[in-house]
Amino acid sequence: MNKGLCCSLLASALFGYLYYFTTLLTPLSGMDSLGFRILFMFPAVLLVLFLFKQRQRVITHVQRFKQQPWLWLVVVFNASMMGFQMWLYLWAPNNGSAVEVTVGYLLLPLILVAFGKFLFKESISRYKALAILCAALTVLSNILLTGKMSWESLAVGLGYALYFVSRKWFKMNDLATFTLEMALLFPICLYMVLHVNIDSAAKLNPHIYLLIFLLGMISSVAFIAYILASNWLPINLLGLLGYVETVAMLFISLYIGERIPSASYPLILGLSMAMLLLMYDGFSAVKK
């Protein structure tokens, strides 16, 4: 249990720090950073796949896809969505959208609970139901007050939710499928990296080579730590500890100079209240 807690907190801390770290990668664009990140992460994913002896699962999936070729379209969609979410995470802090993306991560678990209830007929506690109601009223009031909901928040909240729902619906919710998704992204990211003018970037940022290496190391270690934690911790506790990253993202957004518009205060407070309800429900489940 203690090893799982340490690994989960390490993963959340590293993923949260990565939100700030991307601001050091200028003049690289979000797409450039994504290319380098996948380039380093893919070997780490393969390493974990071998360590956890999941090679046979990959073979099983490929055999299944031969019988149902249309499932490759699902994998392509999931890989595209994962790539988009990784890009958005790297892009937002350098483009004034860090707070909006953080709001999306506050919204995500609530949308997942709602999808679990209505799509998979999962039973939910009264605290989860209150959390969904609180989030729905909060988002509705924000739209009425501001006349909009930022695309970044919706892209994370709905987009990531569709990614997780798709993996569960088509029974692809495992490390082997994630490896296939990364394998699809790898050649595209390699192409992008080969077309980065790294020498020009080095003239503007003398430490860019070291920073790119650290980007890969941080991403890889965080991923490995999270996978280890997922094998050592109950799923409820793992999900609760994931909120550490979201809280870190909010503080980092403020630290790098972004401000929460006054019109968005009710949205942040309402989603935070909903998140606290989910956390209380999760702690109760872990305690039982």
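Residues numbered from 1 in each chain as written. Predicted model: local features only at pLDDT ≥ 70, side-chain atom pairs only at ≥ 80, totals over all residues. Heavy atoms only, no water.

Brief notes about the overall build of the chain
In step 1: A count of helices and strands for the chain gives 13 helices and 0 strands.
In step 2: Element order for the chain, N to C, with α for helix and β for strand: α-α-α-α-α-α-α-α-α-α-α-α-α.
In step 3: A burial count over the chain gives 49% of its 288 residues as buried.
In step 4: When contacts within the chain are restricted to residue pairs at least 6 apart in sequence, those whose partners lie at least 24 apart make up 86%.
In step 5: Split by element, the accessible area of the chain, about 14600 Å² in all, is 70% carbon and sulfur. (Helix = DSSP H or I, 4+ residues; strand = E, 2+ residues; numbered from the N terminus. Buried < 20%, exposed > 50% of the residue type's maximum accessible area, 1.4 Å probe, protein only. Contact = heavy atoms within 4.5 Å. Areas by Shrake-Rupley, 256 points an atom, 1.4 Å probe, with all protein chains shown as cover.)

Comments concerning the UniProt feature "transmembrane region" (unreviewed entry) in the chain
In step 1: As annotated by UniProt and renumbered to match this structure, "transmembrane region" (unreviewed entry) occupies residues 34-52, 72-90, 102-120, 127-144, 178-196, 208-228, 235-257 and 263-283.
In step 2: The annotated region residues 34-52 carries 95% helix and 0% strand content, and the separation between its end C-alpha atoms amounts to 26 Å. (UniProt positions renumbered as here; feature names shortened; annotations may be inferred.)

Topic: the nonpolar core
In step 1: Residues Y19, L34, F36, V101, M182, F223 and L271 are the most contacted members of the largest nonpolar core, which totals 93 residues.
In step 2: Leave out the neighbours within four places in its chain, and M182 touches I38, M41, F42, V45 and M86. (Core = buried A, V, L, I, M, F, W, Y, C linked by side-chain atoms within 4.5 Å.)

Here's the deal with the UniProt feature "domain: EamA" (unreviewed entry) in the chain
In step 1: Mapped onto this structure's residue numbering, the UniProt feature "domain: EamA" (unreviewed entry) falls at residues 3-140.
In step 2: End-to-end, the C-alpha atoms of residues 3-140 are 41 Å apart, and along that stretch the chain is 80% helix and 0% strand.

Overview of a nonpolar patch on the surface
In step 1: Judged by side-chain polarity, L210, F213, L214 and M217 come together as a nonpolar surface patch covering roughly 340 Å² of accessible area.
In step 2: Relative to the elements of secondary structure, M217 occurs in helix α10 (residues 208-232). (Patch = residues over 30% accessible without salt bridge, like charges linked within 9 Å, V, L, I, M, F, W, Y side chains within 5 Å. Salt bridge = Lys/Arg side-chain N within 4 Å of Asp/Glu carboxyl O.)

Quick notes on the packing of helix α5 (residues 98-118) against helix α12 (residues 243-255)
Think of two packed helices as two axes; the pair is described by the angle between the axes and how far apart they sit.
In step 1: Running from amino to carboxyl end, α5 crosses α12 at an angle of 160 degrees, the nearest separation of the two axes being 9 Å. Classed by the angle they form, the pair α5 and α12 counts as roughly antiparallel. The way α5 lies across α12 gives a crossing that is left-handed. Touching A98, V99, V101, T102, Y105, L106 and P109 of α5 are Y243, T246, M249, L250 and S253, all from α12.
In step 2: Considering only residue class, the contact of α5 with α12 consists of 9 nonpolar, 3 polar and no charged. (Axes fitted to C-alpha atoms, helices over the stretch in contact; angles between N-to-C directions. Parallel < 35°, antiparallel > 145°, perpendicular 65-115°, else oblique. Left-handed = near helix turned anticlockwise from the far one by under 90°. Nonpolar A, V, L, I, M, F, W, Y, C, P; charged D, E, K, R; others polar.)

Comments concerning the packing of aromatic side chains
In step 1: Tallied over the entire structure, the rule returns 18 aromatic pairs.
In step 2: Look at Y105 and Y160: their rings are 6.2 Å apart centre to centre, the planes differ by 70 degrees, and that puts the pair in the edge-to-face class. Taken as a pair, Y105 in helix α5 and Y160 in helix α7 (residues 151-169) lie far apart in primary sequence, 55 residues in all. Y160 carries the same exposure label as Y105, and that label is buried. (Phe/Tyr/Trp six-rings, centres within 6.5 Å; stacked < 30°, edge-to-face > 60°.)

Focus: helix α8 (residues 175-194)
In step 1: Relative to the 28 Å expected for 20 residues at 1.5 Å per residue, α8 spans 28 Å between its end C-alpha atoms, a close match to the ideal helical length.
In step 2: Those residues of α8 that sit buried are L175, A176, T177, F178, T179, L180, E181, M182, L185, C189, M192 and V193.
In step 3: Of the surrounding secondary structure, the elements contacted by the buried residues of α8 are α2 (30-51), α3 (55-67), α4 (71-91), α7 and α10. (Expected span 1.5 Å × (residues − 1).)

Observations concerning the environment of F84
In step 1: Within the fold, F84 resides in helix α4.
In step 2: Considered as a pair, F84 and V74 are 10 residues apart in the sequence and their alpha carbons are 15 Å apart.
In step 3: When neighbours within four sequence positions are excluded, F84 is seen to be in contact with W151 and A155.

A closer look at the packing of α4 against α7
In step 1: α7 packs onto α4 with a crossing angle of 145 degrees between their chain directions and a minimal axis gap of 10 Å. Where α4 crosses over α7, the handedness of that crossing is left-handed. From α4, V74, F77, N78, M81, M82, F84, Q85, L88 and W91 reach across to α7, where they touch W151, E152, A155, V156, G159, Y160, L162, Y163, S166 and R167.
In step 2: The class makeup of the residues in the contact of α4 with α7 is 13 nonpolar, 4 polar and 2 charged.

Focus on α7
In step 1: With 19 residues, α7 extends 25 Å from end C-alpha to end C-alpha; this agrees with the ideal 27 Å at 1.5 Å per step.
In step 2: Within the span of α7, buried status applies to E152, S153, A155, V156, G157, G159, Y160, A161, Y163, V165, S166 and R167.
In step 3: Looking at the packing, one finds that the buried side of α7 touches α4, α5 and α8.
In step 4: Backbone geometry just after α7 places K171 at a positive phi near 55 degrees.

Notes on the pattern of salt bridges
In step 1: In total, this model carries 2 salt bridges according to the counting rule given.
In step 2: For R57, the salt bridge is made with D174, and the minimal N-O distance between the two is 2.7 Å. Of this pair, R57 sits in helix α3 while D174 is found in the loop between α7 and α8, placing the two residues 117 residues apart along the sequence.
In step 3: Linking E181 and R167 is a salt bridge whose minimum nitrogen-to-oxygen distance equals 3.2 Å. Here E181 is found in helix α8, whereas its partner R167 is found in helix α7, with 14 residues between them in sequence.
In step 4: A relative accessible area of 0% places E181 in the buried class.
In step 5: Relative accessible area serves as the criterion here: at 7%, R167 is assigned to the buried category.

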